[in-house]
Amino acid sequence: MEEERESESAANSEIRFITLELMKLAQRSGKTFDEVAAEYMRNAEKLQLMLRQEDWPARRSGRGAISKNNR
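Residues numbered from 1 in each chain as written. Predicted model: local features only at pLDDT ≥ 70, side-chain atom pairs only at ≥ 80, totals over all residues. Heavy atoms only, no water.

Participant: What is the right way to read the environment of Glu-21 from this model?
Facilitator: Within the secondary structure, Glu-21 is located in helix H1 (residues 2-29). Under the relative-accessibility criterion, Glu-21 is labelled partly exposed at 29%. (Helix = DSSP H or I, 4+ residues; strand = E, 2+ residues; numbered from the N terminus. Buried < 20%, exposed > 50% of the residue type's maximum accessible area, 1.4 Å probe, protein only.)

Structure follows, in structure tokens:
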């Protein structure tokens, strides 16, 4: 039970941090918070899908490529 509360508290803390960062980005870019947050969610979802593909790093070429040895 205690562990669950700590996990929930940590998640809430992360959400507050992300919210503040998105608010700053929205203000700097002149976009609404909703626009910036939606873009963030799309990017997070895209990254999650990319990371699930086991051969994704092998398909990248050029600078910044990640090899399986560097994971």
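Participant: Hey, could you run me through the pattern of salt bridges in this one?
Facilitator: Should their charged atoms come close, side chains of opposite charge can pair. Across all of its chains, the model carries three salt bridges by this definition. A salt bridge links Arg-5 to Glu-2; the shortest N-O distance between them is 3.7 Å. Within this pair, Arg-5 and its partner Glu-2 are both found in helix H1, separated by three residues, close to a single helical turn. With a relative accessible area of 52%, Arg-5 lands in the exposed category. Look at Glu-2 and you get partly exposed, because its relative accessible area is 47%. The salt bridge involving Lys-24 is made with Glu-21; its shortest N-O contact spans 3.3 Å. Note that Lys-24 and Glu-21 are positioned in helix H1 at a spacing of three residues, about one turn of the helix. (Salt bridge = Lys/Arg side-chain N within 4 Å of Asp/Glu carboxyl O.)

Participant: Could you clarify how one ought to interpret a nonpolar patch on the surface in this entry?
Facilitator: A contiguous nonpolar patch, built from Leu-20, Met-23 and Phe-33 and spanning about 280 Å² of accessible area, is present on the exposed surface. Summarising the element assignment, Leu-20 is placed in helix H1. (Patch = residues over 30% accessible without salt bridge, like charges linked within 9 Å, V, L, I, M, F, W, Y side chains within 5 Å. Areas by Shrake-Rupley, 256 points an atom, 1.4 Å probe, with all protein chains shown as cover.)

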